[in-house]
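Residues per chain, in single letters:
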Amino acid sequence: MINSFEVKETNEMIEKENLDVRTITMGISLLDCIDSDLTKLNENIYNKITTLAKDLVKVGNDIERSYGIPIVNKRISVTPIALIGGSACKTIEDFASIAKTLDRAAKDVGVNLIGGYSAIVSKGMTAAEELLIKSIPLALHTTERVCSSVNVGSTKVGINMDAVKMLGNIILEVANNSKDNDSAECMKFVVFCNAPDDNPFMAGAFHGVTEADAIINVGVSGPGVVKKALESVRGESFEVLCETIKKTAFKVTRVGQLVAKEASKALDIPFGIVDLSLAPTPAVGDSVADILCEIGLEYAGAPGTTAALALLNDQVKKGGIMASSYVGGLSGAFIPVSEDQGMINAVEAGAITIEKLEAMTCVCSVGLDMIAIPGDTKASTISGIIADEMAIGMINQKTTAARLIPAIGKKVGDKVEFGGLFGYAPVMPVNNYSCENFINRGGRIPAPVHSFKN
């Protein structure tokens, strides 16, 4: 039973502590849209998306009004397009036409973003997958709401270094296409290891082939709520600290569970998962870095940061899994730079580096996220940074990702401005010692020994 105290408490979390449901994401399978005729394929894709998702935004708005819970984004994810377009697409432009169809469908149903312009190439690439990857710069440059991802590795099969090498050049091409806008199109692209099938968060969302025809996934957020709760236990033991985080994560996840169930019922589409990630925003008081400071650090990046983040991530998961039987997606603490004012402050103070962020990704979700680097960074260096992050995911049997923004024309200390939820970011230095001979070897890094569990 929900009592009046819990209602009051939830209202305060929403009004004063930036609690929100970050996204309702409808996952849609496009497998039944496949056709060898490109025109027919695009027609099938548009019709299916606009039929299933026609009421998604309305339902989200209705839930907001009914419960007073802010729902920041309504989104769609689709089956990786490399699979869907393989028969019909013979050129980069063919694949980009599908991106335009996705964009048109997203605009017509009113969602913020649509994800799934993706390829899963952990072990190798088909001709279609390679073509899709090469089309990513064109696809992102000619659309507004399409997001793209490539999964280049997994614990089971290792890391496809041919794809990693290719993506260093692709990311620079994406950056150059939008150099007049601080290379902002890079925000819509992410590289994964161990990508989950049910991630509701962009830019990496896609609808996995293990999923039903359509599902509703919800991503909740609440760094501000956790920070506020921890203010009341300053100086207390780790036991008290952990109990407070768990209880708060439970409450936040219950809000997501409620929204997911209501959306599923209204749309007559099965409920998938609640992703209980702590996803920050540029708003003051809505920062994962500020939680780390509340735990006892002067800045994120100080000695003890990785331990504090590990504690936070673990307790969030422990609290969340008691609130919903279907927790999934990424679920943990996000540490994007541009979207977290506390993290920006730490970078500007010199307290945190890319290398420290990389260490932190060993214990949290999801990876090197929304990091602006100098625009003259070599493609091989970008590939090397990606390879390091993929290795962390592969060895630790967890999802990791890299969303890097080579800001063309910008150098260390400059700022890039993205606006809205994306915020701004200081350009961070990278290690410029060469890894070119390593990246140029080609082939695949084998799976670790602990992957062999059959």
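Calculation rules
- Residues numbered from 1 in each chain as written.
- Predicted model: local features only at pLDDT ≥ 70, side-chain atom pairs only at ≥ 80, totals over all residues.
- Heavy atoms only, no water.
- Helix = DSSP H or I, 4+ residues; strand = E, 2+ residues; numbered from the N terminus.
- Rg over C-alpha atoms; globule rule 2.2 N^0.38 Å.
- Buried < 20%, exposed > 50% of the residue type's maximum accessible area, 1.4 Å probe, protein only.
- Contact = heavy atoms within 4.5 Å.
- Pairing = 2+ DSSP bridges.
- Salt bridge = Lys/Arg side-chain N within 4 Å of Asp/Glu carboxyl O.
- Core = buried A, V, L, I, M, F, W, Y, C linked by side-chain atoms within 4.5 Å.
- Expected span 1.5 Å × (residues − 1).
- Phe/Tyr/Trp six-rings, centres within 6.5 Å; stacked < 30°, edge-to-face > 60°.
- Lys NZ or Arg CZ within 6 Å of the ring centre and 35° of its normal.

**Topic: the overall build of the chain**
And then number 1: If you tally the helices and strands in the chain, you get 15 helices and 13 strands.
And then number 2: Scaling as 2.2 N^0.38, a compact globule of 454 residues should have a C-alpha radius of gyration of about 22 Å, and the chain matches this with 21 Å.
And then number 3: Here the chain, with 454 residues, has 60% of them falling under the buried criterion.
And then number 4: Contacts in the chain between residues far apart in sequence, at least 24 positions, make up 78% of those at least 6 positions apart.

**Digging into the pairing of strand 8 (residues 271-275)**
Put simply, side chains in a regular strand alternate between the two faces of the sheet.
And then number 1: In terms of burial, strand 8 is largely enclosed, as 5 of its 5 residues are buried.
And then number 2: Pairing of strand 7 (residues 214-221) with strand 8, which is carried by 3 bridges, proceeds in the parallel orientation. Bridge pairing links V218 to V274 in strand 8.

**Let's talk about the pattern of salt bridges**
And then number 1: By the definition in use, this model includes 21 salt bridges.
And then number 2: A salt bridge links K48 to D32, with the nearest nitrogen and oxygen atoms 2.9 Å apart. A residue pair is termed long-range when its members are at least 10 positions apart, and K48 in helix 2 (residues 38-52) and D32 in the loop between strand 1 (20-28) and helix 2 qualify at 16 residues.
And then number 3: For K48, a relative accessible area of 11% puts it in the buried group.
And then number 4: Here K58 ties to D62 by a salt bridge, and the two come within 2.9 Å at their closest N and O atoms. Of the two residues, K58 and D62 both sit in helix 3 (residues 56-67), 4 residues apart, roughly one turn of that helix.
And then number 5: The class of K58 is exposed, set by a relative accessible area of 51%.
And then number 6: Because the salt bridges share partners, they merge into one network encompassing K227, K228, E231, R234 and E294.

**Considering the nonpolar core**
And then number 1: Ranked by size, the top nonpolar core spans 134 residues in total, and within it I49, I76, I81, L102, Y117, L312 and L357 carry the most contacts.
And then number 2: The residues touching L102, leaving out its near neighbours within four places in the chain, are I45, I49, V78, I81, I114, Y117 and V146.
And then number 3: Counting 15 residues, the second largest nonpolar core, distinct from the first, contains C147, A195, M202 and A203.

**Quick notes on the side chain of T361**
And then number 1: Following the sequence through the fold, T361 ends up in the loop between helix 13 (354-360) and strand 9 (367-374).
And then number 2: The class of T361 is buried, set by a relative accessible area of 0%.
And then number 3: Non-local contacts of T361, meaning those with residues more than four positions away in its chain, are made with I335, G367, L368, E389, I392, K398 and T400.

**Details of helix 5 (residues 92-109)**
And then number 1: Its 18 residues give helix 5 an end-to-end C-alpha distance of 26 Å, which sits within 8% of 26 Å, the value for a rise of 1.5 Å per residue.
And then number 2: Listed as buried for helix 5 are D94, F95, A96, I98, A99, T101, L102, D103, A105, A106 and V109.

**Concerning the packing of aromatic side chains**
Two descriptors summarise a pair of aromatic rings, namely the distance from one centre to the other and the angle between the planes of the rings.
And then number 1: By the definition in use, this model includes 2 aromatic pairs.
And then number 2: Between F201 and F334 the ring centres are 5.2 Å apart and the planes differ by 65 degrees, which places this aromatic pair in the edge-to-face class. Of this pair, F201 sits in the loop between strand 6 (189-193) and strand 7 while F334 sits in the loop between helix 11 (305-321) and helix 12 (341-348); the two residues are 133 residues apart in sequence, bridging distant segments of the chain.
And then number 3: Accessibility expressed as a relative area gives 9% for F334, which makes it buried.
And then number 4: The ring of Y46 has R104 lying over it, and the distance from NZ or CZ to the ring centre is 4.1 Å.

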